[in-house]
Amino acid sequence: MGTVEEAADPRVRMWAPVGQAVALLLGPYAEVVLHDPGTDRILAIWNPMGSRGPGDPSLLGELDGLDPSARDVFGPYEKLLADGRRLSSVSAVLRGPDGAAAAVLCVNLDRTPLEQAAAVLSAFGAPTVPRPEPLFEQDWNESVQHIVGGYVRECGRPVERLTRADRLAVLARLDEAKVFAVRRAAPVVAGVLRVSRSTLYGLLAELRASSAKDRPA
């Protein structure tokens, strides 16, 4: 998984368990690189994404130009590979007892599998077309689920937390859809609304009494 210099540098011996652990956790999608800021060379690399290895140039740039408020940890920032893959990268400056930068540890995470997963989830979550109502005209149970579910999404409360006013509003929609004209619909509606049959019949009576009162004489 990893490649290190043959003459094991004490910095490699110290940080190799960290590099191996991160590479094992995120592999095969993460490359971990330990750089020598003094020689600007790679000290060790785990799960390399390309052909570079220990001894190759690091091309780090000047550490003195980094933002001191970051407290030696920088990122995540984006990098691009020549093949178009996007990486999320984090770099940490590792300091010795004297406070000088002894090494720089970089973790480069390939975002390709994350982007592919996001694309799949996005496709499943794509907007849907209106349902073909003729297919559901005779399925009153489907209508109950659809109407109650629609109300729950509108009000943002689960069924068991619907208020009395909420239940009356839902029953009004179900009544308008002629659900209660179907035999044995009431017990099903009671089950969906998670109320007893007696409670449901009481609510229906209240709803119809209110509707009768609102009708013009």
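Right above here is the structure, for reference.
Residues numbered from 1 in each chain as written. Predicted model: local features only at pLDDT ≥ 70, side-chain atom pairs only at ≥ 80, totals over all residues. Heavy atoms only, no water.

Where helix α3 (residues 140-155) meets helix α5 (residues 185-193), the closest approach of the two axes is 11 Å, and the angle between their N-to-C directions is 30°. The orientation of α3 with respect to α5, classified from their angle, is roughly parallel. In the crossing of α3 with α5, the sense of the turn from one axis to the other is right-handed. From α3, W140, N141, V144, Q145 and V148 reach across to α5, where they touch A185, V188, V189, V192 and L193. A class-by-class count of the residues in the contact of α3 with α5 yields eight nonpolar, two polar and no charged. (Axes fitted to C-alpha atoms, helices over the stretch in contact; angles between N-to-C directions. Helix = DSSP H or I, 4+ residues; strand = E, 2+ residues; numbered from the N terminus. Parallel < 35°, antiparallel > 145°, perpendicular 65-115°, else oblique. Left-handed = near helix turned anticlockwise from the far one by under 90°. Contact = heavy atoms within 4.5 Å. Nonpolar A, V, L, I, M, F, W, Y, C, P; charged D, E, K, R; others polar.)

Counting 24 residues, the largest nonpolar core has V144, V148, L171, L174, V189, L193 and L200 as the members making the most contacts within it. Elements with a minimum of two residues in this core: α3, α4 (164-176), α5 and α6 (197-214). By size, the runner-up hydrophobic cluster in this structure holds 14 residues, among which are V12, A23, L43 and L94. (Core = buried A, V, L, I, M, F, W, Y, C linked by side-chain atoms within 4.5 Å. Buried < 20%, exposed > 50% of the residue type's maximum accessible area, 1.4 Å probe, protein only.)

Taking 1.5 Å of rise per residue, the 13 residues of α4 would be expected to cover 18 Å, and the 18 Å separating its terminal C-alpha atoms lies within 8% of that figure. Listed in full, the buried residues belonging to α4 are D166, R167, L168, V170, L171 and L174. Residue K178 follows α4 closely and has a positive phi angle near 65°. (Expected span 1.5 Å × (residues − 1).)

On to the pairing of strand β5 (residues 86-95), then. Here six bridges tie strand β4 (residues 73-80) to β5, and the two strands are oriented antiparallel to one another. The residue bridging F74 from the neighbouring strand is S91, located in β5. In this antiparallel pair of consecutive strands, β5 and strand β6 (residues 101-110), the connection spans five residues, and G99 shows a positive phi of 90°. (Pairing = 2+ DSSP bridges.)

This next bit is on the environment of W140. Here W140 is to be found in helix α3. Linking W140 and L174, residues 34 residues apart in sequence, is a C-alpha distance of 9.7 Å. Those residues in contact with W140 that lie beyond four places of it in its chain are V179, V182, R184, A185 and V188.

For the rest of this paragraph, the subject is α3. Between its first and last C-alpha atoms α3 spans 23 Å; for 16 residues at 1.5 Å apiece the expected length is 22 Å, and the two agree. Among the residues of α3, S143, V144, I147, V148, Y151 and V152 are the ones counted as buried. Angularly, the buried residues of α3 cover 160° about the axis, an arc narrow enough to put them on a single face. Contact partners of the buried residues in α3: α4 and α5. Directly beyond the C-terminal end of α3, a positive phi value near 75° is found at G156. (Arc of directions from axis to C-beta.)

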